[in-house]
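Below are the chains, spelled out letter by letter.
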Amino acid sequence: MRSTLLAIFLLAVSCSTAPKVATYLDESQPLEKRVEDALSRMTLEEKVKILHAQSKFSSAGVPRLGIPELWTTDGPHGIRPEVLWDQWNQAGWTNDSCTAFPALTCLAASWSEEMSALYGKAIGEEARYREKDVLLGPGVNIYRTPLCGRNFEYMGEDPYLAGKMCVPYIQEVQKNGVAVCVKHFALNNQEANRHTYNAVVDDRTLYEIYLPAFKAAVQEGGAWSIMGAYNLYEGQHLCHNDRILNRILKEEWGFDGAVISDWGGVHNTEEAITNGLDIEMGTGTNGLDSKYGKSYDAYNLALPYLERLKDGRASVEVLDDKVRRVLRLNFRTAMNNSKPTGSLCSPEHYDAARRIAVEGIVLLKNEDDILPIDIESTKKILVVGENAIKKMTVGGGSSSLKAQYECTPIAGLREAVGDKAEIVYQRGYVGDLLRTYNNVDTGIDLTDPRSEEELISDAVAAASDADIVLFFGGLNKAKGQDSEGCDRDSMALPYAQNKVIEALAEVNDNIVVLIVSGNAVEMPWIDKVEGVVETWFLGTQAGHAIADVLLGKVNPSGKLPFTFPVRLEDNGAHALNAYHKDSLTVEYKEGIFVGYRWAEKHNIKPLFAFGHGLSYTTFEYGQAKCRKSGDGFKVSLDVTNTGAREGQEIVQLYISDHESSLERPVKELKGFRKIRLAPGETKEVTFEIEPDMLKFYDPAQSGWVLEKGSFTAHVGASSDDIRTRVDFQK
Ligand code: BGC
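These numbers come from a predicted model, not from an experiment. (Residues numbered from 1 in each chain as written. Predicted model: local features only at pLDDT ≥ 70, side-chain atom pairs only at ≥ 80, totals over all residues. Heavy atoms only, no water.)

**Examining the packing of helix α6 (residues 159-174) against helix α8 (residues 212-219)**
The N-to-C vectors of α6 and α8 enclose an angle of 25 degrees; their axes lie 8 Å apart at closest approach. By the criterion of interaxial angle, the relationship of α6 to α8 is roughly parallel. For the pair α6 and α8, the sense of crossing is right-handed. Mapping the contact onto sequence places Pro-159, Ala-162, Gly-163, Cys-166, Val-167 and Ile-170 in α6 and Pro-212, Ala-213, Ala-216 and Ala-217 in α8. Classifying every residue of the contact of α6 with α8 gives 9 nonpolar, 1 polar and no charged. (Axes fitted to C-alpha atoms, helices over the stretch in contact; angles between N-to-C directions. Helix = DSSP H or I, 4+ residues; strand = E, 2+ residues; numbered from the N terminus. Parallel < 35°, antiparallel > 145°, perpendicular 65-115°, else oblique. Left-handed = near helix turned anticlockwise from the far one by under 90°. Contact = heavy atoms within 4.5 Å. Nonpolar A, V, L, I, M, F, W, Y, C, P; charged D, E, K, R; others polar.)

Here it is in structure tokens:
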């Protein structure tokens, strides 16, 4: 509709007596020329008007000039249902159901740039079809603690992996004339106290761990917008943080897009004006008795800004920089008349959601090859657990969706198994009864009158003669689990899950535990079960994808994008008591030693290491060889599929620096390749090692330095399964 109006406006302008189309409307003109032209035509009031929200999810355009409003949407796993103009409540539309794509942890676990591109293309098309200009995602905050409620929306603990995996998503979304809004920039690594905690982080840690994925999003992905985070750094909120937004993002990285505040993340008018914010969204005002009458006018970047501009307290130069950025964003999206039309819930999107889901599922343990299920010799499959029947696309905060369709694990299994075996279901435990979230009704009544003891004994009774028991547990989207706004209380599985698994293991030896989560969980029963699978939150195609892997239609190929520690204390932030729910200051004392970097420094054996993931086939790695190539090196090796099935392997390159003036991690991920191999097939894998990849950030020099010395390239199937090494000198 808006595109049509714009086209009519353009036509009217071009058919009027005016000699030619105004420069800013002429898409054949260079972007910057159009921006300057539009800027020169705008009044002070019009300039200020486009810098803040006009509704929950939109900001105003310039109607007089035919510049349309900008519409944003969550993000990042599907297109959020429409909400009311002024409220979070759903608007009740009937044409806003979407495809729910797998959570970003799953995408990261695929380690596949191809899947990232597929994801971006599909979700970008859905955003476009729904006439959105800005998609609020992807999220690339680093997984610092397993307690963070929003880890499921992010891409794991490694800056290199998160950086590589977000780029194709961004590029493909933006091909639809829809901007991404990369979030939450930066240092937003917990939900507890998310509006008030000040992250105290040294510069080296900032540059080496917490910024690289955002930098890749901006410089390699070409992100058109970025979202400020809620919390503080150097005592300033990150939505108006001079160092992070002005000095680093805009000056150092040359970002030319717009900084959009997180919703309600702006707290100070002067800072909002001077510290790099361009669009203010979601600031709560009572709207009734404010001095400005209408609530949106009371935003920091609304009338309070206009007043300061009029009486000279604020400079027009700073204003114009913001306006240019918003115009650029608008020209790239809402005013892009050649963008494609998009599509919603198409067969291609369902197919993409399923492909991404199966590529991200991680087979963590597979004793005696219990998986894939040999359906010919299986008569009875017992499925236990709430997560087998629960829809997970609802709940969890702003990423909650109204999926047109969601296949639960049990439904997917039933469909795939058909009448080849009997499938019996037992609840096992009662967890979260959520049925409706933000007016989206899953239609599933989860109430169960049985006591904990009854639920366990019913499950145990059904398990004794089952050929295999599939326990579906993990977390869910309830508050205090994988959910926005608060963190988990512990790393333990909630409810009676551990008890149920232990009880099942007493009567059946063939137990496979499927963890539905976006976070690591403790597994005290690990030695009593044969199989463990991390399935993540998989969206629309959850059940189909899980069945594909369990029944061997697809060979699993995901690998963990973060460490599963045995205990919470095995994580650096917790070992150092440097995670706080109740303090306004959170000192990132573990520094650069996040995730596997911490475990390796302290020789802590994780439950499952970063990069770990099994396959139904086996891969043999040949000896890595290193040769000079330009300024850098090339490391190559052969990888062979030595099993009987086709499969994909993620070959990982880690580098250690042996002579450094500053302590470095034991090794760091610097490359990965996902390769598909037929049985018996060998492929050569080559990694380029550029000199930049050997650098570390030296705070004394305020920059990246390359020190000469000896290095080792480790190539393996995970961070704790290195198969071949080669040394080189720089
Ligand atoms: C979240 C953002 C989200 C925004 C709009 C905020 O509470 O932190 O990630 O995009 O709301 O829903």
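Okay, back to it.
**Quick word on the pattern of salt bridges**
Taken as a whole and judged by the stated rule, the model has 55 salt bridges. We note a salt bridge from Arg-332 to Asp-256, for which the minimum N-O separation is 2.9 Å. One end of the pair, Arg-332, is in helix α12 (residues 316-332); the other, Asp-256, is in the loop between α9 (242-252) and β9 (258-260), with 76 residues separating them in the sequence. Among the residues examined, Arg-332 registers a relative accessible area of 16% and is labelled buried. A network of salt bridges, in which partner residues are shared, links Arg-150, Glu-153, Glu-191, Arg-194 and Glu-484. (Salt bridge = Lys/Arg side-chain N within 4 Å of Asp/Glu carboxyl O. Buried < 20%, exposed > 50% of the residue type's maximum accessible area, 1.4 Å probe, protein only.)

**Thoughts on the environment of Leu-136**
Within the secondary structure layout, Leu-136 lies in strand β3 (residues 134-136). Here the alpha-carbon distance between Leu-136 and Asp-158, two residues 22 residues apart in the chain, equals 22 Å. In this view, Leu-136 contacts Phe-57, Thr-72, Thr-73, Asp-74, Gly-75, Pro-76, Cys-181, Lys-183, Met-227 and Trp-263; residues no more than four positions away in its chain are not counted.

**Thoughts on the site of the ligand**
Inspection of the region around the ligand gives 15 residues, with Asp-74, Arg-150, His-184, Tyr-230 and Asp-262 positioned closest. Here an oxygen atom of the ligand sits 3.0 Å away from a polar atom, N or O, in the side chain of Lys-183. About the coverage of the ligand: the protein hides 97% of its 310 Å² of free accessible area. Class assignment for the residues of the shell around the ligand results in 6 nonpolar, 2 polar and 7 charged. (Near = heavy atom within 4 Å. Polar contact = N/O pair within 3.5 Å; in protein donor to acceptor, adjacent residues only side chain to side chain. Areas by Shrake-Rupley, 256 points an atom, 1.4 Å probe, with all protein chains shown as cover.)

**Digging into the pairing of strand β28 (residues 721-729)**
As paired strands, strand β27 (residues 710-718) and β28 are joined by 8 bridges and run antiparallel to one another. Bridge pairing in β28 links Val-715 to Thr-724. In textbook terms, the turn of a hairpin is the stretch between consecutive antiparallel strands, and for β27 and β28 this stretch comprises 2 residues. (Pairing = 2+ DSSP bridges.)

**Regarding the side chain of Lys-670**
As for its position among the elements, Lys-670 is in strand β23 (residues 668-677). Here Lys-670 sits buried without a salt bridge, and the closest side chain of opposite charge, Glu-668, lies 4.5 Å off (N-O distance). (Lys, Arg positive; Asp, Glu negative; His and termini not counted.)

**What about the environment of Arg-144?**
Inspection of the secondary structure puts Arg-144 in the loop between β3 and α6. The exposure class assigned to Arg-144 is buried, which follows from its relative accessible area of 2%. Once the C-alpha coordinates of Arg-144 and Ile-515 are considered, the two residues, 371 residues apart in sequence, prove to be 20 Å apart.

**Digging into α12**
For α12, with 17 residues, the first-to-last C-alpha span of 24 Å sits near the 24 Å given by 1.5 Å per residue. Among the 17 residues in α12, 12 count as buried, and that is most of the element. The set of residues buried in α12 consists of Leu-319, Asp-320, Lys-322, Val-323, Arg-325, Val-326, Leu-327, Arg-328, Leu-329, Asn-330, Phe-331 and Arg-332. (Expected span 1.5 Å × (residues − 1).)

**Digging into the environment of Val-460**
Considering the arrangement of structural elements, one finds Val-460 in helix α15 (residues 452-463). Put simply, Val-460 and Val-500 are 40 residues apart on the chain and 8.2 Å apart in space, counted from C-alpha to C-alpha. In contact with Val-460, not counting residues within four places along its chain, are Ala-503, Leu-504 and Val-507.

**Things to note about unusual backbone geometry**
Residue Pro-76 is reached from Gly-75 by a cis peptide bond, and omega for that bond is -15 degrees. Looking at the element boundaries, Pro-76 is found in the loop between β2 (70-74) and α4 (104-110). Residue Gly-137 is joined to Pro-138 through a cis peptide bond whose omega torsion reads 0 degrees. Among the secondary structure elements, Pro-138 is positioned in the loop between β3 and α6. Phi is positive for Glu-131, which is not a glycine, with a value near 60 degrees. Mapped onto the secondary structure, Glu-131 falls in the loop between α5 (113-129) and β3.

**Things to note about α15**
Every α-helix winds through 3.6 residues per turn, so residues three or four apart in the chain are directed the same way. Over its 12 residues, α15 extends 17 Å from the first C-alpha to the last, a length consistent with the 16 Å expected when each residue adds 1.5 Å. Residues of α15 that are buried: Leu-455, Ile-456, Ala-459, Val-460, Ala-462 and Ala-463. With its buried residues spanning 165 degrees around the axis, α15 presents them on a single face. What points out from α15, more than 90 degrees from its buried face, is the exposed set Glu-453 and Ala-461. Contacts made by the buried residues of α15 are with β11 (380-384), β12 (422-426), β15 (468-474) and α16 (497-507). (Arc of directions from axis to C-beta.)

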